[in-house]
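# Examination of the molecular architecture
Each chain, written out:
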Amino acid sequence: MSENKSPLTDPRTGEALPQRVQPGYYPKWRVMREYRYWDAATRDVVTQRLEAPKPLRFFTAEEAGVMEAVLDRILPQDDRLPAQRIPLLPVLDTRLATNKLEGYRYEDMPPDQEAYRLAVRALDAMAQEIYGAPFISLTVTSQELLLKSLSEGHPAGAKELWSTLNVKRFWTLLVSDACAAYYAHPWAWDEIGFGGPAYPRGYMRLEAGRPEPWEFNEERYGWTAPADSISDYADPESGHTASAHGQAGTH
């Protein structure tokens, strides 16, 4: 995995922003303070998500290295202190090991387990073909360029392997799994100011559009994507910028 990564920076000064215990615009919010308002079953489910990750059962050590690098680019957590990063791979690994599915599968897609194993092989083959090195050894920029080609449905390499898989559907599966793992975690709820389960307390100000009494106001700060990321990449042909970071939403 790439060891030298560029940090997020302050758009006013260009200086690196420090890693945080809790990134996002709600530094005072801690959703677990609300646990006494949840029923026992909900408390158990949410609390378990804070426990140490279980050992991997589906991915091999080699596959895990590739997938860890991929997930690190899908949802970068470089702005978090290492001890405060949300473990994504163990959640995905458990889903695949226990065959926990969505209840449907597209007819042109293999079972999710097969799709991930094939994709890991294809990602490494693509990295070797384009850069002459394993995926985990590539720079952040190179990893993101390869993943960008998948997001567009046109893999930059290893085309024979990718031809056996609907690439756009796999990309949707991958991003969906990454987001589901990240935003199910209470630390992500802290980051976005989510109040957690509403049952049985419920809400009292939905119609008025005002914050609930227990919610905090945003404390925004500017930030710019790392210099080695293509997050703010501008396509010279279309003039389209991949994203507009800095003030809109969280990162």
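Described in the following lines is the structure provided in the data block. Remember, it's a predicted structure, so these values are computed and weren't measured experimentally.

Conventions we followed
- Counting of residues starts from 1 at the beginning of each chain's written sequence and follows it residue by residue.
- Totals for whole chains, interfaces and linings use every residue, but because this is a predicted model, local features are given only for residues with pLDDT of at least 70 and side-chain atom pairs only at 80 or more, for both listing and counting.
- With hydrogens and water excluded, all non-hydrogen atoms of the structure serve as input to the side-chain values.
- The term salt bridge refers to a pairing of a side-chain nitrogen on Lys or Arg with a carboxyl oxygen on Asp or Glu at a separation within 4 Å.
- The buried label applies to any residue whose accessible area, calculated with a 1.4 Å probe on protein chains only, is under 20% of its type's maximum; exposed applies above 50%, and partly exposed to all values in between.
- For the purposes of this entry, the term helix denotes a DSSP run of H or I that reaches at least four residues, the term strand denotes a run of E that reaches at least two, and both are numbered from the N terminus.
- Axis lines are fitted to C-alpha atoms, over the contacting stretch for helices. Their N-to-C directions set the angle, which ranges from 0 to 180 degrees.
- By the definition adopted for this analysis, an angle is roughly parallel if under 35 degrees, roughly antiparallel if over 145, roughly perpendicular if from 65 to 115, and oblique otherwise.
- Here, two residues are considered to be in contact whenever any of their heavy atoms come within 4.5 Å of each other.
- Basically, the charged four are Asp, Glu, Lys and Arg, the nonpolar ten are Ala, Val, Leu, Ile, Met, Phe, Trp, Tyr, Cys and Pro, and anything else, Gly included, counts as polar.
- Note on terminology: a nonpolar core comprises buried Ala, Val, Leu, Ile, Met, Phe, Trp, Tyr and Cys residues joined through side-chain atoms within 4.5 Å.
- Ring pairs are drawn from Phe, Tyr and Trp, using the six-membered ring of Trp, whenever the two centres fall within 6.5 Å, and their geometry is named by plane angle: stacked under 30 degrees, edge-to-face over 60, tilted for the rest.
- Here, a charge over a ring means that NZ of Lys or CZ of Arg falls within 6 Å of the ring centre while also lying within 35 degrees of the ring normal.

Our next topic: the pattern of salt bridges. Across all of its chains, the model carries 14 salt bridges by this definition. Here aspartate 10 and arginine 12 are joined by a salt bridge, their closest N and O atoms 3.0 Å apart. Judged by relative accessible area, which is 12%, aspartate 10 ranks as buried. What makes arginine 12 exposed here is its relative accessible area of 73%. For aspartate 177, the salt bridge goes to arginine 95, with nearest N and O atoms at 3.0 Å. Of this pair, aspartate 177 sits in helix H7 (residues 167-183) while arginine 95 sits in helix H3 (residues 89-97); the two residues are 82 residues apart in sequence, bridging distant segments of the chain. One network of salt bridges, in which partners are shared, links Lys5, Asp72, Arg73, Asp78 and Glu144.

At a minimum axis separation of 10 Å, helix H2 (residues 61-74) and helix H5 (residues 140-151) run at an interaxial angle of 85°. With respect to H5, the element H2 is oriented roughly perpendicular. Residues Ala69, Val70 and Arg73 of H2 form the contact with H5, whose own contacting residues are Val140, Gln143, Glu144 and Leu147. Its residues assigned to classes, the contact of H2 with H5 comprises 4 nonpolar, 1 polar and 2 charged.

Membership of the largest hydrophobic core comes to 43 residues, with the highest contact counts inside it found for Phe135, Trp162 and Phe170. For this core, the secondary structure elements donating two or more residues are H2, H3, helix H4 (112-131), H5 and H7. Per-element accounting of this core gives the leading share, 9 residues, to H4. Sequence-distant contacts of phenylalanine 135, that is, excluding residues within four places in its chain, are made with Val66, Ala69, Val70, Leu123, Asp124, Ala127, Gln143, Leu146 and Leu147.

Within the structure shown, the criterion is met by 10 aromatic pairs. With centroids separated by 5.0 Å and ring planes inclined at 80°, the aromatic side chains of phenylalanine 58 and phenylalanine 59 adopt a geometry described as edge-to-face. Here phenylalanine 58 and phenylalanine 59 have matching classes, each one buried. Ring geometry for tyrosine 182 and tyrosine 183: centres 4.9 Å apart, planes at 75°, overall edge-to-face. Classification of tyrosine 182 by relative accessible area gives buried; the value is 3%. Taken together, the aromatic side chains of Phe58, Phe59, Tyr116, Trp162 and Phe170 make up a single cluster linked through ring pairs. Between the NZ or CZ atom of arginine 20 and the centre of the ring of tyrosine 221, over which it lies, the distance is 3.9 Å. Over the ring of tryptophan 214 we find arginine 201, and its NZ or CZ is 3.5 Å from the ring centre.

Geometric values such as these leave the question of function open.
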